[in-house]
Amino acid sequence: VQPVESGGGLVQAGDSLRLSCGHSASDFSDNPMGWHRQAPGRQREVVAAISGRGDRTNYSDSVKGRFTISRDNAKNTMYLQINSLKPEDTATYYCFVEEVATGTTYWGQGTQVTVSS
């Protein structure tokens, strides 16, 4: 089942956003999840990942200290809090789910974040 992102938009530098990713799998809490982003002309970059229980997180060096990944397993939802947005954060942000039971990775359709200077 494809996850569904929401929360993107057009913001100004210095603003904050919270992205959400919902996934309807019954084994939601078993599955690591994360966020990638892809800017025009650039390779897709993993920005953050979180374990199934939410007790372990990882961030790319480019976002450490500004991005916070979290999840609410009771709501089958993962979040990405983005603070102090910069124009270079402009990208399409994709949620992914690594389904442990099947070894399959599911990707969302993406949500656009555009940061104006």
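Below or above, wherever it landed, is the structure these notes cover. As the structure is a computational prediction, the values presented were derived from the model and not from experiment.

What counts, and at which threshold
Residues numbered from 1 in each chain as written. Predicted model: local features only at pLDDT ≥ 70, side-chain atom pairs only at ≥ 80, totals over all residues. Heavy atoms only, no water. Pairing = 2+ DSSP bridges. Helix = DSSP H or I, 4+ residues; strand = E, 2+ residues; numbered from the N terminus. Axes fitted to C-alpha atoms, helices over the stretch in contact; angles between N-to-C directions. Disulfide = S-S within 2.5 Å. Buried < 20%, exposed > 50% of the residue type's maximum accessible area, 1.4 Å probe, protein only. Contact = heavy atoms within 4.5 Å. Salt bridge = Lys/Arg side-chain N within 4 Å of Asp/Glu carboxyl O.

## Some remarks on the sheet that holds strand E3 (residues 17–22)
Spatially, E1-E3-E8-E7 is the arrangement adopted by the four strands of the open sheet, whose pairing is antiparallel. Sheet topology places strand E1 (4–6) and strand E7 (67–72) at the edges, where each strand pairs with a single neighbour. In this sheet, adjacent strand axes meet at a mean angle of 20° when their direction is disregarded. With six bridges joining them, E3 and strand E8 (residues 77–82) adopt antiparallel strand pairing.

## A closer look at the state of the cysteines
The final tally for this structure, using the stated rule, is one disulfide. Residue pairing for cysteine 21: its cysteine sulfur links by disulfide to cysteine 95, the two sulfurs lying 1.9 Å apart. Since a negative S-S torsion denotes a left-handed disulfide, the cysteine 21-cysteine 95 link at about -60° is left-handed. With cysteine 21 in strand E3 and cysteine 95 in strand E9 (residues 91–99), this residue pair connects regions lying 74 residues apart in the sequence. This pair shows no difference in class: cysteine 21 is buried, exactly as cysteine 95 is.

## So, the environment of phenylalanine 96
Residue position: phenylalanine 96 is located in strand E9. In this structure the C-alpha to C-alpha distance between phenylalanine 96 and glycine 108, which are 12 residues apart in sequence, comes to 6.3 Å. If we skip the residues at most four places from it in the chain, phenylalanine 96 touches Pro32, Met33, Gly34, Trp35, His36, Ala48, Thr105, Tyr106 and Trp107.

## Focus: the pairing of strand E10 (residues 104–107)
Where E9 lies against E10, four bridges are found, and the strand directions are antiparallel. Each residue of the ladder has a partner; that of phenylalanine 96, found in E10, is tryptophan 107. Where E9 folds back on E10, the antiparallel hairpin that results is connected by four residues, among which glycine 103 adopts a positive phi of roughly 70°.

## Structural notes on the pattern of salt bridges
As enumerated under the stated definition, the model contains five salt bridges in all. One salt bridge connects arginine 37 with aspartate 89, and the closest N-O pair in it is separated by 2.9 Å. Note that arginine 37 is positioned in strand E4 (residues 33–38) and aspartate 89 in the loop between E8 and E9, a separation of 52 residues in sequence. Residue classification places arginine 37 among the buried positions, given a relative accessible area of 7%. Where lysine 64 meets aspartate 61, a salt bridge forms, and the shortest distance between an N and an O atom there is 3.3 Å. For the residue pair lysine 64 and aspartate 61, the accessibility class agrees, reading exposed in each case. Among the charged side chains, a salt-bridge network with shared partners connects Arg37, Glu45, Arg66 and Asp89.

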